[in-house]
Amino acid sequence: MLGCGQMTQDELKALVAREALKQVVEDAVVGVGSGSTVNQFIDALASIKGRIEGAVAASEASAERLRKHGIRVFDLNSVNELPVYIDGADEITEHLHMVKGGGGALTREKIVAAVARKFVCICDASKLVGVLGKFPLPVEVIPMARSHVGRELRKLGAHPELRENYRTDNGNLIIDCHGLTIVDPPRLEADLNNIAGVVCNGIFARRAADVLLLGAPTGVTTRLKSG
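Residues numbered from 1 in each chain as written. Predicted model: local features only at pLDDT ≥ 70, side-chain atom pairs only at ≥ 80, totals over all residues. Heavy atoms only, no water.

Looking now at the pairing of strand 1 (residues 29–32). Judged by which residues are buried, strand 1 turns out to be covered on both faces: Val29 and Gly31 on one side and Val30 and Val32 on the other are all buried. Note that strand 1 and strand 2 (residues 54–57) share 4 bridges and pair parallel. Bridging across to strand 2, Val30 finds its partner in Ala55. For the handedness criterion, the β-α-β arrangement of strand 1, helix 2 (residues 36–45) and strand 2 is classed as right-handed. Taken together, the 3 bridges between strand 1 and strand 3 (residues 84–87) define a ladder with parallel strand orientation. Each residue of the ladder has a partner; that of Gly31, found in strand 3, is Tyr85. (Buried < 20%, exposed > 50% of the residue type's maximum accessible area, 1.4 Å probe, protein only. Helix = DSSP H or I, 4+ residues; strand = E, 2+ residues; numbered from the N terminus. Pairing = 2+ DSSP bridges. Right-handed = clockwise from strand over helix to strand, strands pointing away.)

Quick look at the sheet that holds strand 11 (residues 203–204) now. A sheet is described by the order of its strands in space; here 3 strands give the open sequence 4-5-11, paired in antiparallel fashion. The open sheet terminates on both sides in strands that have one partner only, identified here as strand 4 (91–92) and strand 11.

Using the criterion set out here, one finds 1 cavity of 30 Å³ or more in the structure. Each pocket or cavity is described by its volume, and for the largest cavity that value is around 30 Å³. Lining the largest cavity are Ala58, Gly104, Ala105, Thr107, Arg108, Glu140, Thr168, Asp169 and Asn170. (1 Å grid on protein atoms, 1.4 Å probe; cavity = no way out; pocket = protein on both sides within 12 Å on 5 of 7 lines; lining within 4 Å. Points joined across faces, edges and corners; volume = space filled by probe spheres on them.)

Per the stated rule, a full pass over the model turns up 17 salt bridges. Here Lys100 and Asp87 are joined by a salt bridge, their closest N and O atoms 2.8 Å apart. Residue Lys100 is found in the loop between strand 5 (98–99) and helix 4 (106–115), and its partner Asp87 is found in strand 3; the two are separated by 13 residues along the sequence. Its relative accessible area of 0% is what places Asp87 among the buried residues. Between Arg187 and Asp191 there is a salt bridge, with the nearest N and O atoms lying 3.9 Å from each other. Residue Arg187 and its partner Asp191 are both found in helix 6 (residues 185–193); the two are separated by 4 residues, about one turn of the helix. Taking relative accessible area as the criterion, Arg187 reaches 58% and is therefore assigned exposed. What you see here is one network of salt bridges that share partners, running through Asp87, Lys100 and Glu109. (Salt bridge = Lys/Arg side-chain N within 4 Å of Asp/Glu carboxyl O.)

The subject of this paragraph is the state of the cysteines. Note on terminology: disulfide describes a covalent bond linking the sulfur atoms of two cysteines. Scanning all chains against the criterion turns up 0 disulfides. Cysteine Cys200 is unpaired, with the sulfur of Cys177 as its nearest cysteine sulfur at 13 Å. By relative accessible area, Cys200 is classed as buried at 5%. (Disulfide = S-S within 2.5 Å.)

With respect to the helices and strands, Ser59 occurs in the loop between strand 2 and helix 3 (60–68). Here the side chain of Ser59 touches Ser62 through a polar contact of 3.0 Å, landing on its backbone nitrogen. For Ser59, the contacting residues outside a window of four places in its chain are Gly33, Ser34, Ala105 and Asp169. (Polar contact = N/O pair within 3.5 Å; in protein donor to acceptor, adjacent residues only side chain to side chain. Contact = heavy atoms within 4.5 Å.)

Any link to function would need more than the numbers given here.
Below is the structure:
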């Protein structure tokens, strides 16, 4: 454990981002997610960029940040294997089930996570929760299906809200679902994906994280997926 005294949330993110460098496989491509904690990781990754082949980015914003640091960005289709994927979370449980997509990159994040042999989640302790759902669950939707999906989400007990003036990197809409208590994340993840017009949803349970690096005022702790 790394002692860190009293630190701000940004300082905790930077600490856990630096700790994540230990998970990076040398001379290989690393998968990189998106969000504020991942931005800190990309900045830290620049310090070892000569020891990696490059990166696959789960968002256009992350790809741009990587390129600014002189890190080569690969298209996922051109990569034969991805030893590790590192990303943040909006919420995560003890079982390493997550809600992600506050930044809107959930579909690409889920694709890169599916390819990676190991998924490492990095976040500060405020993201660790007993039950998922307090953070609004993002659902990426084909534009013509917006109203249909909204009606189906209400049937599941959600209070859907269209994310205003927003399009994903894939050109789709995001509906944020408020008021859910997600007691069975794998089941709800599958149920949501079965709604016609849903591209992807922000529950990461069928492909949960393998490792959680959690930054807290007492330091960075490592948790592994059980089972």
